[in-house]
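# A look at the structure
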Amino acid sequence: MVKFVNYTTVAFLSISMLFNSCSNSKNPEDTKQAAEGINEQNFDTHATEKNAQYLVDAYSNGLMEIELAKSVKDKTANQDVKKMADMMISEHTQVNAQLKGFADQKNIALPQGLSTDQMDETNKAMKKEGHELDKFYVDNLVSEHKDAVKLYETAADKEQDADLKKFFASALPDLKSHLQMAEDLNKKID
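Residues numbered from 1 in each chain as written. Predicted model: local features only at pLDDT ≥ 70, side-chain atom pairs only at ≥ 80, totals over all residues. Heavy atoms only, no water.

## Describing the packing of helix H6 (residues 130–158) against helix H7 (residues 162–189)
Contact pair H6 / H7: the axes reach a minimum separation of 8 Å and the direction vectors enclose 155°. In terms of axis orientation, H6 runs roughly antiparallel to H7. For H6 against H7, the interelement crossing comes out left-handed. Residue composition of the contact of H6 with H7, by class: 18 nonpolar, four polar and 10 charged. (Axes fitted to C-alpha atoms, helices over the stretch in contact; angles between N-to-C directions. Helix = DSSP H or I, 4+ residues; strand = E, 2+ residues; numbered from the N terminus. Parallel < 35°, antiparallel > 145°, perpendicular 65-115°, else oblique. Left-handed = near helix turned anticlockwise from the far one by under 90°. Nonpolar A, V, L, I, M, F, W, Y, C, P; charged D, E, K, R; others polar.)

What follows is the structure, encoded as structure tokens:
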């Protein structure tokens, strides 16, 4: 019964926060901020809220990787960039599915779309063409994967939930591999 009430509360808060963010056109709140707000209200200690934040950040980063890759894949003529974008779409979609599964199990709200900053970054990419687009995308991949590796290392070290700690640790080798491939592609594009 308590879980039902918690899930009902999360659903209600999610809908109301998203509705409020859409209806407030002067200062729209993005879905990452909405998820963070819900988690802040749901968790009673700083530690549990921090654990939820690792999940929110990882999921949000994955959304960005997927959406940017989809946009670039359709626009680039560079076959290496297309191949990398395909891999990012496939692998980050799988990781995000796992993260969503954990979030559902642990009653953690996740972003429902890109943050405002991520939308701005994607829009910036779509204004570019040819080599400039490829370079922008691969530079972004390197930067985002450096950040993701740091996030996953921190989460693997400090996460209190054993399932999430294990997940973040097990996902690190793939992220490091993505980073290395992005760095190699960056050299090739230069």
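The structure having been displayed, the exposition proceeds.
## Structural notes on helix H4 (residues 79–106)
Across its 28 residues, H4 extends 40 Å between first and last C-alpha, which sits within 8% of the 40 Å expected from 1.5 Å per residue. All of the buried residues in H4 are Val-81, Met-84, Ala-85, Met-87, Met-88, Ile-89, His-92, Asn-96, Leu-99, Phe-102 and Ala-103. With a side-chain oxygen positioned 2.8 Å from the backbone nitrogen of Asp-80, the residue opening H4 is Asn-78. With its phi angle positive at about 60°, Asn-107 sits one or two positions after the end of H4. (Expected span 1.5 Å × (residues − 1). Buried < 20%, exposed > 50% of the residue type's maximum accessible area, 1.4 Å probe, protein only. Polar contact = N/O pair within 3.5 Å; in protein donor to acceptor, adjacent residues only side chain to side chain.)

## Description of the packing of aromatic side chains
In the structure shown here, the tally under the stated rule is four aromatic pairs. Ring geometry for Tyr-152 versus Phe-168: centroids 4.9 Å apart, planes at 85°, classification edge-to-face. With Tyr-152 in helix H6 and Phe-168 in helix H7, the pair connects residues that are 16 residues apart, well separated along the chain. Accessibility classification places Tyr-152 together with Phe-168 in one group, the buried group. Plain terms: the ring middles of Phe-167 and Phe-168 are 5.6 Å apart, the flat faces sit at 65° to each other, and that makes the pair edge-to-face. Each of the two residues, Phe-167 as well as Phe-168, counts as buried. Taken together, the aromatic side chains of Phe-102, Tyr-152, Phe-167 and Phe-168 make up a single cluster linked through ring pairs. (Phe/Tyr/Trp six-rings, centres within 6.5 Å; stacked < 30°, edge-to-face > 60°.)

## Topic: the side chain of His-92
Position of His-92 relative to the elements: it lies in helix H4. On the basis of relative accessibility, which here comes to 7%, the residue His-92 falls in the buried class. Excluding its chain neighbours within four sequence positions, the residues that come into contact with His-92 are Gly-62, Glu-65, Ile-66, Met-87, His-145, Leu-175 and His-178. (Contact = heavy atoms within 4.5 Å.)

## Quick word on helix H5 (residues 116–126)
Along H5, the residues that are buried comprise Gln-118, Thr-122 and Ala-125. Down the axis of H5, the buried side of the element spans an arc of 55°, and every buried residue falls inside it. (Arc of directions from axis to C-beta.)

## Regarding the environment of Glu-67
Inspection of the secondary structure puts Glu-67 in helix H3 (residues 46–75). Classification of Glu-67 by relative accessible area gives partly exposed; the value is 31%. A sequence separation of 46 residues divides Glu-67 from Gly-113, and the C-alpha atoms of the two residues are 9.5 Å apart.

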